[in-house]
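Residue-level listing of the chains:
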Amino acid sequence: MIVKQIWTGNAYRNFNYLIACPETGEAMAIDPLDHKKCLATAKANGWQITQVLNTHEHLDHTGGNKKVIAATGAKLLAHANAKDSIPGIDRGLMAGDSIKIGNTVEMEALDTPGHTMSHVCLLSHTETPSLFCGDTLFNAGAGNCHHGGHPEELYDTFANQLAQLSDDTLIYPGHDYISNNLEFTLDREPDNERAGLLLREIRDQDPDKALISTLGLEKEINTFFRLRSPSVIAALRETFPDLPGQPEPRTVFLKLRELRNTW
Ligand SMILES: [Zn+2]
Ligand SMILES: [Zn+2]
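All values reported here derive from a predicted model rather than from experimental measurement.

Participant: Can you break down the packing of helix H5 (residues 178-188) against helix H9 (residues 249-262) residue by residue, with the values?
Facilitator: Two numbers describe how H5 lies on H9: the axes approach to 12 Å, and their chain directions differ by 120 degrees. By the angle between their directions, the pair H5 and H9 is classed as oblique. Where H5 crosses over H9, the two elements pack in a sense that is right-handed. On the side of H5, the interface is formed by Asn180, Asn181, Phe184 and Arg188, while H9 contributes Leu256, Leu259 and Arg260. Split by residue class, the contact of H5 with H9 holds three nonpolar, two polar and two charged.

Participant: Pulling in residues and values, what's your account of the coordination of the zinc ion (ligand 1)?
Facilitator: Looking at the zinc ion (ligand 1), one finds its protein donor set to be His56 (NE2), His58 (ND1), His115 (NE2) and Asp135 (OD), positioned 2.1 to 2.3 Å from the metal centre. Taken together, the four donor atoms coordinating the zinc ion (ligand 1) span angles of 92 to 168 degrees at the metal, a pattern that classifies the geometry as irregular. Sequence positions of the donors to the zinc ion (ligand 1) reduce to the motif H-x1-H-x56-H-x19-D. Between the two metal centres, the zinc ion (ligand 1) and the zinc ion (ligand 2), the spacing is 3.4 Å, with Asp135 acting as a shared donor. Of this pair, His58 sits in the loop between strand E4 (48-53) and helix H2 (59-62) while Asp135 is found in the loop between strand E10 (130-134) and strand E11 (137-138), placing the two residues 77 residues apart along the sequence. In terms of burial, His58 and Asp135 fall into one category: buried.

Participant: Can you explain the sheet that holds strand E8 (residues 105-111)? Please cite residues and give values.
Facilitator: Strand pairing in a sheet takes place through backbone hydrogen bonds and is either antiparallel or parallel in direction. Read from one edge of the open sheet, six strands run E7-E8-E9-E10-E13-E14, paired in mixed fashion. With partners counted over all chains shown, the strands left at the sheet margins are strand E7 (98-101) and strand E14 (213-214), one partner each. Bridge count for strand E13 (residues 170-173) against E14 is two bridges, and the pairing is antiparallel. Note that in E14 the partner of Leu170 across the bridge is Thr214.

Participant: So, the environment of His79: which residues are in play, and what are the values?
Facilitator: Within the fold, His79 resides in strand E5 (residues 75-79). Each C-alpha atom of the pair His79 and Met117 lies 9.3 Å from the other, and the pair is 38 residues apart in sequence. Each residue touching His79, except ones within four places of it in the same chain, is listed here: Ile89, Gly92, Leu93, Asp111, Met117, Ser118, His119 and Val120. For His79, the side chain forms a polar contact with the side chain of Asp111, separated by 3.0 Å.

Participant: Any chance you could break down the packing of aromatic side chains for me, citing the residues and the numbers?
Facilitator: Following the criterion strictly, the structure yields twelve aromatic pairs and no others. Relative to Phe132, the ring of Tyr17 lies with its centre 5.5 Å away and its plane at 75 degrees, an arrangement referred to as edge-to-face. Here Tyr17 is found in strand E2 (residues 15-20), whereas its partner Phe132 is found in strand E10, with 115 residues between them in sequence. Here Tyr17 falls in the buried class, since its relative accessible area comes to 2%. Of the aromatic side chains, those joined through ring pairs into one cluster are Tyr155, Phe158, Phe184, Phe224, Phe225, Phe253 and Trp263. Between Lys255 and the ring centre of Phe240, over which it is positioned, the NZ or CZ distance is 4.6 Å. In this structure, Arg260 is placed above the aromatic ring of Phe184, and the distance from its NZ or CZ to the ring centre is 5.3 Å.

Rules behind the numbers
Residues numbered from 1 in each chain as written. Chains lettered and ligands numbered in written order. Predicted model: local features only at pLDDT ≥ 70, side-chain atom pairs only at ≥ 80, totals over all residues. Heavy atoms only, no water. Axes fitted to C-alpha atoms, helices over the stretch in contact; angles between N-to-C directions. Helix = DSSP H or I, 4+ residues; strand = E, 2+ residues; numbered from the N terminus. Parallel < 35°, antiparallel > 145°, perpendicular 65-115°, else oblique. Left-handed = near helix turned anticlockwise from the far one by under 90°. Contact = heavy atoms within 4.5 Å. Nonpolar A, V, L, I, M, F, W, Y, C, P; charged D, E, K, R; others polar. Donors = N, O, S within 2.8 Å, 3.2 Å for Na, K, Ca; no water. Tetrahedral: all angles 85-135°; square planar, octahedral: opposite > 155°, others 65-115°. Buried < 20%, exposed > 50% of the residue type's maximum accessible area, 1.4 Å probe, protein only. Pairing = 2+ DSSP bridges. Polar contact = N/O pair within 3.5 Å; in protein donor to acceptor, adjacent residues only side chain to side chain. Phe/Tyr/Trp six-rings, centres within 6.5 Å; stacked < 30°, edge-to-face > 60°. Lys NZ or Arg CZ within 6 Å of the ring centre and 35° of its normal.

Written out as structure tokens, the structure reads:
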């Protein structure tokens, strides 16, 4: 499996992806908003885009569909429940569905509600798994729930699905928000040395060569996985004095999500 992360350089800081089969050159474009860059990258590598996948229905993820499909004849894949919000879906996905790219790549669809209620993530079945997580999980952060989402479901997705994946899973999010997110982590947890070091490392990184994190690293630096951290809880209790001394992880997650909305 070949993965190409494509930095769009737009105001929303989107990442698009091409995933190619090294044997056949068939490729899938994930959320190819920057259709020009996606098509040019495929051409430069001799790949044929045969599938377009939208992680969810927001325009900064679906806005390049038409151009890519017109140029390649690719099939469009998205969550089965997105059929009314994304025009032209050829294949509606449900949890556990298998998606093949060429003859070497197999991906599994995860049903991951929270950012929106018809959001899929893709998990590769490869020796080192890769997770294409759209706006559900970001480096050091979590998606917001302002446009069709629900924080309770986002918590369930994090706790019951994402946190259960193996620590070596490579994380490929839909946006580059890592600097702001690390600052949020450090504001919650000033003694998080790993987050402090990482922020210094990546502050001036070239988004064309962005750091690819792992789930294991996220568990160290992403507040939304650190729901039992005494520092996180102590700092939250300063903002939310009603919070009990040993709150449930779900409560901590919901308060963090609420705080992040205005932070
Ligand atoms: Zn979104
Ligand atoms: Zn987005």
